[in-house]
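Here's the letter readout for the chains.
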There are 2 protein chains.
Amino acid sequence: MKEDEMTDQLSRVFAALSDPTRRDMVARLTDGDATVGDLAAPYAVSVQAVSQHLKVLEDAGLVTRSRDAQRRPVHLEAEVFDLMTKWIERYRRRAEARFQRLDAVLAEINDTTTNTEKPREGTAS
Amino acid sequence: MKEDEMTDQLSRVFAALSDPTRRDMVARLTDGDATVGDLAAPYAVSVQAVSQHLKVLEDAGLVTRSRDAQRRPVHLEAEVFDLMTKWIERYRRRAEARFQRLDAVLAEINDTTTNTEKPREGTAS
């Protein structure tokens, strides 16, 4: 996959999961494939609304549907999660590394303060 | 945080990251706090457009800005990533567990096929 295509898919995956009903549908598909009817059952929305949510999940590559079978069960493509996880982990690690450097600097400042035996605020009355 | 509030924030975080410019801004903030001007510099968009993107990131809790300082630097709240990671990991694990059960079933079917010495398709001419 080209970098541009990956960026586009990542945008679509994040957008697809920004809706609580779609997240719930993905969550239920982790237990097994399901038909549109199965997926619509617990919601107070029409089968048509569920179909529209499915279209968004399909465009993001998060689910696929078999073209031939009568029931056309919906299947979760769980490996698409990796696309997000990789992005999140990369930047979380960078943010953490930065905080660790800040902590080291703060610890050093603290050490210097302790060594010069400057009285801490609030301890002297 | 209540479950409803968490669901709402998760929706906002996913929506905030569904835009490549906003993802890029988040990526750059992992290197350190930045002003709106700093953040706008590399893009062919107005400072106003960048401010609107920042507002979306702020509403999602992904960034904060100090209210008092003149420069009002933007700060990344990297721990918000955890909210997403927890959601993704939970369902990825469920999907993986299901695939492992399927693999076990397939392996068993395969064993049975081998034991009964049924010729495999395509090997006999």
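For the structure given in this document, a descriptive report is provided here. (Residues numbered from 1 in each chain as written. Chains lettered and ligands numbered in written order. Predicted model: local features only at pLDDT ≥ 70, side-chain atom pairs only at ≥ 80, totals over all residues. Heavy atoms only, no water.)

The subject of this paragraph is the interface of chain B and chain A. Listed by partner, the interface residues are 32 residues for chain B and 32 residues for chain A. Across the chain B/chain A interface, buried area totals approximately 2800 Å², and carbon plus sulfur atoms make up 63% of it. Ranking the residues of chain B by area buried against chain A places B:Arg23, B:Trp87 and B:Arg98 at the top, with a combined share of 21%. Counting across the chain B and chain A interface gives six salt bridges. With a shortest N-O distance of 3.3 Å, B:Asp33 and A:Arg98 are connected by a salt bridge. For the pair chain B and chain A, the number of links is 16 residue pairs in polar contact (both at pLDDT 80 or more). Contributing elements (two or more residues each) for the side of chain B that touches chain A: α1 (3–16), α2 (20–29), β2 (74–76) and α5 (81–115) of chain B. A per-element tally of the side of chain B that touches chain A places α5(B) first, with 13 residues. A per-class count over the side of chain B that touches chain A returns 17 nonpolar, seven polar and eight charged. (Contact = heavy atoms within 4.5 Å. Buried area = accessible area lost by both parts, 1.4 Å probe. Salt bridge = Lys/Arg side-chain N within 4 Å of Asp/Glu carboxyl O. Polar contact = N/O pair within 3.5 Å; in protein donor to acceptor, adjacent residues only side chain to side chain. Helix = DSSP H or I, 4+ residues; strand = E, 2+ residues; numbered from the N terminus. Nonpolar A, V, L, I, M, F, W, Y, C, P; charged D, E, K, R; others polar.)

Superposition of chain B onto chain A requires a rotation of 180° combined with a translation of 0.0 Å along the rotation axis, giving an RMSD of 0.1 Å. Expressed as a symmetry operation, the mapping of one chain copy onto the other fits a two-fold axis. (Least-squares fit on C-alpha atoms with pLDDT ≥ 70 in both.)

The full count for this structure, using the stated rule, is seven aromatic pairs over all chains. When the ring of A:Phe81 is compared with that of B:Trp87, the centres are 6.2 Å apart and the planes differ by 75°; the resulting orientation is edge-to-face. Here B:Trp87 lies in helix α5 and A:Phe81 lies in helix α5 (residues 81–115), a pairing that spans two chains. Of the residues examined, A:Phe81 reaches a relative accessible area of 0% and is grouped as buried. Cluster of aromatic residues (ring-pair linked, three or more members): A:Phe14, A:Phe81, A:Trp87, A:Tyr91, B:Phe14, B:Phe81, B:Trp87 and B:Tyr91. (Phe/Tyr/Trp six-rings, centres within 6.5 Å; stacked < 30°, edge-to-face > 60°. Buried < 20%, exposed > 50% of the residue type's maximum accessible area, 1.4 Å probe, protein only.)

That's the geometry; what it means functionally is another story.
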